[in-house]
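Secondary and tertiary structure notes
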Amino acid sequence: MLTALTGAYGDRPDALTVAGRTTSYEALLGAARAVAADVAGAPAFAVTATASLETIAAAVGGLLAGVPFVPLPPDAGPAEREHILRDSGAVLTEVDFARRADAGAFATGPGPGPASSDPALILYTSGTTGPPKGVVLTADAVAADLDALVGAWQWNAEDTLVHGLPLFHVHGLVLGVFGALRTGSRLVHTGRPTPEAYAAAGGSLYFGVPTVWSRIAGSPQAAAALSGARLLVSGSAALPAPVFRDLERLTGLRPVERYGMTETLITVSGRAGGEVRPGTVGTPLPGIRTRIAAEPGADIGELQLTGPTLFSGYLGRPEATAAAFTEDGWFRTGDIAGVDEDGVHRIVGRASIDMIKSGGYRIGAGEIENALLDHPRVAEAAVVGLPDPDLGQRIVAFVVAEGVTGPELTDFVAAHLSVHKRPREVRFVAAIPRNAMGKPQKKLLLTDG
Ligand code: MCA
Ligand code: AMP
């Protein structure tokens, strides 16, 4: 699957730069083989997925060994780490990038690799309630998705791909690392996705979540430095139209949006060289079929889809997997969408108020509420996503509590779950509004102020 590691593009001393460290394909292959030897035979293995060459060597090593890779969010607290390790059965592993096996051995190719229908990745992602679920993805699904994107974006070995996204989600890991290794494009991972780092990287192809693009648009000098690029791609959440227009004005490029999910990989995208309209995510990729499950008379409804890029299921949760599909086998995205006359899709919202997207991270309200309720001073909690100019949505927690401050509760969630799941705002209320059945009426909490 990782063509660059067969030597197909020759070696390059600067094939990958991650947070300022540069390495060649051959050195990556050597380090990945050492990982593969370490993890061989394990049911799955986990690595603290910092933005580093070590994480990339681990991900490649897993593919070589045929052992599913479980990237742990580096900002995860003990509760989240323990949940992921227990749920996946993964062996926690450390990677020493300097340790090499069979270095200098392009001739023998990257290694046997898994049967392509075996699980290659287990990525943890939030549902509306409960702890995150493991999404099982095969090498086949990943390869099918990357090949579709190669066509859509005219992605090639002459490209230098630049991004600074986390390596424990599809965007940064599958597109941002495996994509570079399948196409032979150079990869510059900036460590963090700051406007200054994107500007300094001199890429031809840039990936970002809308928060990253909005910060770049707010930094005209950095944006101008991207004007030599070929393609700017936005995804993981909706790109606001004003950000689209600012980017176009500052870079001369119309950013291409694409839509996906951890469970489906990227399924709908704009095309390089094609017409791009703000607020739209393009058309289905080859092999993907979509449909809108709309009420009679409505032209928007739940987006459902099928195709070769879909996951194999939620690890150990057959009921949740079954519930994610319609009776006739289409995946229910939970996103509300419409399709323009020319087949171009627009994502207009989420079916569930309990699924929050903040900075491109998917966060289930129930998970944050449970964490807050674990605090001895919190009697009740309701969590919503309120509109935010920087993050798209920001996590706001309404709590009934005494003897504790907002920052203390924010730190409590950051320490237990993940830093990126912390409420950005805590509002103390006398009671959570509830209906006659006792269910929180969160719509009443959605007004800002
Ligand atoms: C602040 N910090 C704290 C606290 N408050 N730490 C602990 N406790 C606290 N109470 C510190 C952190 O340690 C960190 O420090 C700093 O604040 C910034 O934290 P963070 O919240 O991460 O920064 P941000 O500026 O809000 O992040 C914006 C971001 C980030 C960089 C855009 O949201 C991001 O990387 N998003 C990408 C998400 C993504 O890749 N999603 C793809 C999902 P320090 O900086 O020192 O560490 S895949 C997907 O959606 C599908 C398939 C698709 O379509 O792509
Ligand atoms: P995740 O599983 O973290 O990958 O999040 C998937 C969700 O991100 C989708 O269900 C959408 O709600 C959202 N999403 C991804 N890409 C886009 C996009 N281009 N526009 C709007 N929403 C998006």
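One structure accompanies this document, and this report is about it. (Residues numbered from 1 in each chain as written. Chains lettered and ligands numbered in written order. Predicted model: local features only at pLDDT ≥ 70, side-chain atom pairs only at ≥ 80, totals over all residues. Heavy atoms only, no water.)

Interhelical geometry of helix 4 (residues 139-153) versus helix 5 (residues 170-183) gives an angle of 75° and a closest axis separation of 10 Å. It follows from the interaxial angle that helix 4 and helix 5 lie roughly perpendicular. Touching Val 142, Ala 143, Asp 145, Leu 146, Asp 147, Leu 149, Val 150 and Trp 153 of helix 4 are Val 174, Leu 175, Phe 178, Gly 179, Arg 182 and Thr 183, all from helix 5. When its residues are assigned to classes, the contact of helix 4 with helix 5 shows nine nonpolar, two polar and three charged. (Axes fitted to C-alpha atoms, helices over the stretch in contact; angles between N-to-C directions. Helix = DSSP H or I, 4+ residues; strand = E, 2+ residues; numbered from the N terminus. Parallel < 35°, antiparallel > 145°, perpendicular 65-115°, else oblique. Contact = heavy atoms within 4.5 Å. Nonpolar A, V, L, I, M, F, W, Y, C, P; charged D, E, K, R; others polar.)

Once that is clear, we can look at the site of ligand 2. Taken together, 16 residues lie near ligand 2, and Arg 258, Thr 262, Asp 335, Arg 350 and Arg 362 sit nearest. Contact between ligand 2 and Glu 257: a nitrogen atom at 3.1 Å from a side-chain N or O atom of the residue. Separating an oxygen atom of ligand 2 from a side-chain N or O atom of Thr 262 is a distance of 2.7 Å. Bound to the protein, ligand 2 loses 92% of the 500 Å² it would expose on its own. Only strand 12 (256-261) and strand 19 (345-350) provide two or more residues apiece to the shell around ligand 2. Looking at the shell around ligand 2 element by element, the count peaks at five residues for strand 12. (Near = heavy atom within 4 Å. Polar contact = N/O pair within 3.5 Å; in protein donor to acceptor, adjacent residues only side chain to side chain. Areas by Shrake-Rupley, 256 points an atom, 1.4 Å probe, with all protein chains shown as cover.)

Moving on: the site of ligand 1. Near ligand 1 there are 26 residues, and of these Ser 236, Arg 258, Lys 357, Gly 359 and Asp 411 occur at the shortest range. In this structure, Ser 236 approaches ligand 1 through a side-chain N or O atom, which is 2.6 Å from an oxygen atom. The separation between an oxygen atom of ligand 1 and a polar side-chain atom of Arg 258 is 2.7 Å. Relative to its free-state accessible area of 1,100 Å², ligand 1 is covered by the protein chains to the extent of 73%.

A few words on the layout of surface pockets. Sizing a probe to match a water molecule and rolling it over the atoms shows the empty space that remains. Approximately 460 Å³ is the volume attributed to the second largest pocket. Lining the second largest pocket are 23 residues, and of these Gly 127, Thr 128, Lys 133, Tyr 314 and Met 355 sit closest to its centre. Elements that contribute at least two residues to the lining of the second largest pocket include exactly helix 10 (318-323) and strand 18 (331-339). Broken down by element, the lining of the second largest pocket gets its largest block of residues, four residues, from strand 18. Across the lining of the second largest pocket, the residue classes tally to nine nonpolar, seven polar and seven charged. (1 Å grid on protein atoms, 1.4 Å probe; cavity = no way out; pocket = protein on both sides within 12 Å on 5 of 7 lines; lining within 4 Å. Points joined across faces, edges and corners; volume = space filled by probe spheres on them.)

The subject of this paragraph is the packing of aromatic side chains. Scanning the model with the defined rule gives 11 aromatic pairs in all. Aromatic pair Tyr 198 and Tyr 206: ring centres 5.7 Å apart, planes at 35°, arrangement tilted. Given a relative accessible area of 0%, Tyr 198 falls into the buried group. Among the aromatic residues, ring-to-ring pairing joins Phe 311, Tyr 314, Phe 325 and Phe 331 into one connected group. Lys 133 extends its terminal NZ or CZ atom over the ring of Tyr 314, reaching a point 4.9 Å from the ring centre. (Phe/Tyr/Trp six-rings, centres within 6.5 Å; stacked < 30°, edge-to-face > 60°. Buried < 20%, exposed > 50% of the residue type's maximum accessible area, 1.4 Å probe, protein only. Lys NZ or Arg CZ within 6 Å of the ring centre and 35° of its normal.)

This part takes up the sheet that holds strand 13 (residues 265-269). Sheet architecture is open: nine strands sit in the order 2-1-9-8-10-11-12-13-14, paired in mixed fashion. The open sheet has two free edges, formed respectively by strand 2 (21-23) and strand 14 (283-284), since each of these has just one partner strand. The sheet contact formed by strand 11 (residues 231-234) and strand 12 spans two bridges and is parallel. Considered in strand 12, the bridge of Val 233 is made with Val 256. (Pairing = 2+ DSSP bridges.)

A few words on the side chain of Ser 88. Tracing the sequence through the fold places Ser 88 in helix 3 (residues 78-88). Within the structure, Ser 88 has its side chain in polar contact with the backbone nitrogen of Ala 90 (distance 3.1 Å). The contacts of Ser 88, once residues within four sequence positions are left out, are Ala 44, Val 70, Tyr 124 and Leu 315.

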